[in-house]
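Structure at a glance
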Amino acid sequence: NFSHLSSSATHFLLAVSGGVDSVVMTDLFFKSACNFSVAHCNFQLRGNESEEDEVFLKSVAEKYRKEFFVKKFNTEQYAVANKIAVQEAARNLRYEWFAECIQRRSEIAPAANNHLLVANFLATAHHADDNIETATLNFFRGTGLQGLKGIPVFDKQRKIIRPLLFARRSEIAEYAKENNLQWREDSSNESGKYTRNFFRNTILPLIKEKYPSAEENILNNIYRFTETDKIYKDAIDLIKQ
């Protein structure tokens, strides 16, 4: 429930990729009469496809009559310079830019048509299937309660909200079709060279063959671990007093 964030003074920056999840999130924000702008990261990793994504998202922003922000990144060069994987480089670049946008908003007094005033909060289109994949990846990488909790709905410190975290990917796709929304398919989602895609397209389907309820069980476990972590932290706070 993000009702406490929905005042007319609150402005959201919507992180959109062009996929069905971020397109649906944009439509829902518009129908909720929230104040928002649309932001897109062009990582320049898929040639013409990346450029077409940017053009498409500009048209989405125009459809809802919202301001559009875009930033191009030389992601591969950044990855090589920092000796990290391309996926990690894209994630770092994305959140660094978004953090700058949020910081500008909090530091500058409101002013009409001031393009430096981007947003109070960032909204991303992570959904329940992303949460399943994240918790599973964290488990195999090695983690504690923090990693088993998956993706937080509200990151207060970084001012990030994830309003679609309750919804399954299939439900989001169904909403898009029922409302005649257009979106872009990212061809890299089918590539097995990325670890998350390997879990999404290979590991989880294999597990479901033996345990059909595996994904729902993982979601239930995320809830349990989140509650356990809260109890643990409350207990530590009592000890510290």
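Residues numbered from 1 in each chain as written. Predicted model: local features only at pLDDT ≥ 70, side-chain atom pairs only at ≥ 80, totals over all residues. Heavy atoms only, no water.

Some words on helix α1 (residues 20-31)
For α1, spanning 12 residues, the distance from its first C-alpha to its last is 16 Å, which sits close to the expected 16 Å at 1.5 Å a residue. Within α1, the full set of buried residues consists of Val20, Ser22, Val23, Val24, Met25, Thr26, Asp27 and Phe29. The elements touched by buried residues of α1 are β1 (11-15), β2 (35-42), α2 (48-63), β4 (121-123), β6 (160-161) and α7 (169-178). At the exit of α1 stands Ala33, carrying a positive phi of roughly 60 degrees. (Helix = DSSP H or I, 4+ residues; strand = E, 2+ residues; numbered from the N terminus. Expected span 1.5 Å × (residues − 1). Buried < 20%, exposed > 50% of the residue type's maximum accessible area, 1.4 Å probe, protein only. Contact = heavy atoms within 4.5 Å.)

Looking at the sheet that holds β6
The strand order across the open sheet built from 6 strands is β3-β2-β1-β4-β6-β5, with neighbouring strands paired in mixed fashion. Either end of the sheet is taken by a strand with one partner, and the two such strands are β3 (68-72) and β5 (154-155). Looking at chain direction, β1 and β4 are connected through 3 bridges and run parallel. Following the sheet pairing, Leu13 is matched in β4 by Leu122. Against the sheet, α1 engages β1, β2, β4 and β6, with an angle of about 160 degrees to β1. (Pairing = 2+ DSSP bridges. Axes fitted to C-alpha atoms, helices over the stretch in contact; angles between N-to-C directions.)

Observations regarding the packing of helix α5 (residues 128-141) against helix α9 (residues 214-240)
Between α5 and α9, whose axes approach to 10 Å, the crossing angle comes to 80 degrees. Relative to α9, α5 is oriented roughly perpendicular. Contact residues: Ala128, Asp129, Asn131, Ile132, Ala135 and Thr136 in α5; Glu215, Ile218, Leu219 and Ile222 in α9. Of the residues that constitute the contact of α5 with α9, the class distribution is 6 nonpolar, 2 polar and 2 charged. (Parallel < 35°, antiparallel > 145°, perpendicular 65-115°, else oblique. Nonpolar A, V, L, I, M, F, W, Y, C, P; charged D, E, K, R; others polar.)

Re unusual backbone geometry
The phi torsion at Ala33 lies on the positive side, around 60 degrees, for a residue other than glycine. With respect to the helices and strands, the residue Ala33 is situated in the loop between α1 and β2. You can call Ala33 exposed: its relative accessible area is 65%. Positive phi values are uncommon outside glycine, yet Lys159 reaches one of about 60 degrees.

Concerning the packing of aromatic side chains
Tallying each qualifying case throughout the model produces 12 aromatic pairs. Consider the rings of Phe43 and Phe73, whose centres lie 5.7 Å apart with planes at 25 degrees: the pair is stacked. Taken as a pair, Phe43 in the loop between β2 and α2 and Phe73 in the loop between β3 and α3 (75-82) lie far apart in primary sequence, 30 residues in all. No difference in accessibility class separates Phe43 from Phe73, as the two residues are buried. Arranged with centres 6.3 Å apart and planes meeting at 90 degrees, the rings of Phe198 and Phe199 form a pair that is edge-to-face. Relative accessible area serves as the criterion here: at 37%, Phe198 is assigned to the partly exposed category. On the accessibility criterion, Phe199 (12% relative accessible area) is buried. Sitting above the plane of the Phe36 ring, Lys66 keeps its charged end 4.8 Å from the centroid. (Phe/Tyr/Trp six-rings, centres within 6.5 Å; stacked < 30°, edge-to-face > 60°. Lys NZ or Arg CZ within 6 Å of the ring centre and 35° of its normal.)

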